[in-house]
Each structure stands twice: as C-alpha cells, then as structure tokens.
Amino acid sequence: MEFRNRRLSISEAKEIDMVDYLSKLGYKPAKIRGNDYWYLSPLRDEKMPSFKISRKLNRWYDHGLGNGGNLVDFAILYHSCTISELLKSLDDNLALQKPIFRQPQTENEPENRIKIVGDAILSSSALLRYLIQRRIPINIADQYLREVRYKLKDKIYYGIGFKNDLGGFEIRNPYFKGSSSPKGITTITKGADEVIVFEGFTDFLSFKSIHQNERDDRFDFVVLNSISFFEIARPFMEKHAVIRLYLDRDTAGQNCSRYALSLSNKYKDESSLYQHHKDFNDWVVHFGKLQNNWRSRN
C-alpha cells in the first residue's frame, strides 16, 4: 500500500490509464480491437458502441459527439465539475493506492492522419448544395470557409474547411466529418464587450446568416471545434463582460453549460432557444422547413 504525500497534478491526471478509470466508474468495453477499446458512450445514451479509447495514446473519442480528448477532458464533462474538484476527487480515490499510469506512446490516432494538400474558394456544386441543405447562405460561407483537398489513407478527398487559430481545419462534406492537425479553437474578434460561444462552425454560420443585416462588430465569437476545448477557450471568453453559450443540447453540451454557469455570472445559457433540437443549426434547418411547408399550403 502506497501513501501519496503530494497533490496530483493536471499532467499526472492526464496520464492515468483511461481504461482503468472507466472500469472504476463501472464501464466495461463492449469490444476490443487491437489497442482500441469500444464502449457504449458514458456521455450519452446509445445502443451501438461508438466511444473509443486508444490504449496506445490514452485518449478517447466519441464518434457520436465528434469530440475527444484526454482523461481530464472526459472527467470534467462526465462529472460536470471543475478541474480543482476533479483533482481533489482523484486525490481522495488514489490516496491509498498507486495510480495506474499509461505507457508513453507516439503513434497518432487514425482521426489525426489527415493531411491538407490544398485549399481554394468554394466551388464544388456538391459542397455548395450541402451548405444550402444546412441553411447556410453562400455569401456567409464565402467569408469563413474554404474548399480543402485532403489526403486520408493515401487517397485524396475534398470538403468544406473551417480554419482554427492554429492553422488546422475542421472538415465536412455530406459523407465525412473530421479535422486536420493541429486541432484548436477558432476566435473572431471585433472588439466587442460580448462573446458568443458555439461548439461547431455550422452553428456559428447559422447565427451569422440570421443576423447578417446587423452590425458586424456587435459580438466577438469563439467556435470550440470540440467541447473538450472549453477550458482552452476560457481566457479569451472571460475577457468579455458577457459570455453567451449556444452549446449543443446533448449531455456533453448541457453539462458544459452548467459547469460554465457555476464559474461566473458572466456566462449565459442561450440554448433554451432551440431546446427541442440537437443544436442551433438543427433548429435553423427545421425552422426553414416549417416555413417552406407553410408556404406550400398557402
């Protein structure tokens, strides 16, 4: 039995074996394929396992959410707690035992093996149709999106690219959702007192399309590109007097919103606007369909 004489650090917490951690939470893998452990997602309800832990990297990825990260990212979402609360909880649980740390690995996960080979203005008719289906006007899309060609498993594909602050792209087409390295947040700064926060860029573009006739400098924006980047975005967000959250209505998004509201009264949860839809863009798409149906009957 080993007694620990100091507090667990964030870097140490990230290195705790995730398979062992989920086991202690009561989750067992539904299947194991090599070094990939597949689970029914602990973050939401599902019938087919789409939550994966790479044992080589000690990283998780929830294919249903399109989000992933390290143990700290997962635990904050799962427990809806702060980092300090998480570290204290881990300290309490590990006080009488030696934590199981993962072995260092260098191999990249399949999701990160995307290489951008070129980008240009949007011109593909298939991609433009996809944007129209998502109710995103082309004049808005042209301001923030690029048409990217990317290499994946020795094949070249093309998709809609939304650039982050580190130079990587979020990539979408009708059949694919992924990202190139480096992955990070996207900030749009206009010197405003208020900032609006979205998880994905389609939500951001939907908001811009609805408010395209308003002043361009009314709000600053941050697109997280992954709910696990919330803490990374906090320094930018908290420079503002008001922080308006338009996060997804799933378990992870709502847990993150509750966590944010516990931090400061600067944070405002605006997701009740689209409470019967999975996210802001989904609400805009269905609102447009309702309008079209109404017009067709009159």
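Details of the structure are given in the entry above.
Keep in mind that what you see is a predicted model, and the values were worked out from it rather than measured. (Residues numbered from 1 in each chain as written. Predicted model: local features only at pLDDT ≥ 70, side-chain atom pairs only at ≥ 80, totals over all residues. Heavy atoms only, no water.)

Draft legend 1. Representation of the pattern of salt bridges in the model. Enumeration over the complete set of coordinates arrives at 15 salt bridges. Glu46 serves as the salt-bridge partner of Arg44, at 3.0 Å between the closest nitrogen and oxygen. With respect to class, Arg44 is no different from Glu46; both count as buried. We note a salt bridge from Arg244 to Glu194, for which the minimum N-O separation is 2.8 Å. Remark: Glu194 occurs in strand β12 (residues 194-198) and Arg244 occurs in strand β14 (residues 242-246); sequence separation between them is 50 residues. Classification of Arg244 by relative accessible area gives partly exposed; the value is 22%. Taken together, the shared-partner salt bridges connect Arg44, Glu46 and Asp62 into one network. (Salt bridge = Lys/Arg side-chain N within 4 Å of Asp/Glu carboxyl O. Buried < 20%, exposed > 50% of the residue type's maximum accessible area, 1.4 Å probe, protein only. Helix = DSSP H or I, 4+ residues; strand = E, 2+ residues; numbered from the N terminus.)

Draft legend 2. Fine view of the packing of aromatic side chains. All chains considered together, the criterion is met by 28 aromatic pairs. Judged by centre distance (6.3 Å) and plane angle (80°), the rings of Tyr39 and Phe51 are edge-to-face. Linking Tyr39 in strand β2 (residues 36-39) with Phe51 in strand β3 (residues 51-54), this pair joins segments that are 12 residues apart in sequence. There is no split in this pair, since Tyr39 and Phe51 are both buried. Seen from the ring of Tyr37, Arg55 lies directly overhead, with NZ or CZ sitting 5.1 Å from the centre. (Phe/Tyr/Trp six-rings, centres within 6.5 Å; stacked < 30°, edge-to-face > 60°. Lys NZ or Arg CZ within 6 Å of the ring centre and 35° of its normal.)

Draft legend 3. Quick peek at the side chain of Ser226. With respect to the helices and strands, Ser226 occurs in the loop between β13 (220-223) and α8 (230-237). For Ser226, a relative accessible area of 3% translates into the label buried. In this structure the side chain of Ser226 is engaged in a polar contact, spanning 2.7 Å, whose partner is the side chain of Ser228. Excluding residues within four positions of it along the chain, Ser226 makes contact with Asn67, Gly68, Lys183 and Glu199. (Polar contact = N/O pair within 3.5 Å; in protein donor to acceptor, adjacent residues only side chain to side chain. Contact = heavy atoms within 4.5 Å.)

Draft legend 4. Layout of the nonpolar core. Ranked by internal contacts, the top residues of the largest apolar core, which has 43 residues, are Ile53, Val222, Phe230 and Met237. The dominant element in this core, judged by the number of residues it contributes, is helix α3 (residues 71-79), at six residues. The contact partners of Val222, leaving out residues within four places of it in the chain, are Ile185, Thr186, Thr187, Val195, Ile196, Val197, Phe198, Ala233, Phe236 and Met237. Counting residues in hydrophobic clusters, the runner-up holds 25 residues, among them Leu122, Tyr130, Leu145 and Phe162. (Core = buried A, V, L, I, M, F, W, Y, C linked by side-chain atoms within 4.5 Å.)

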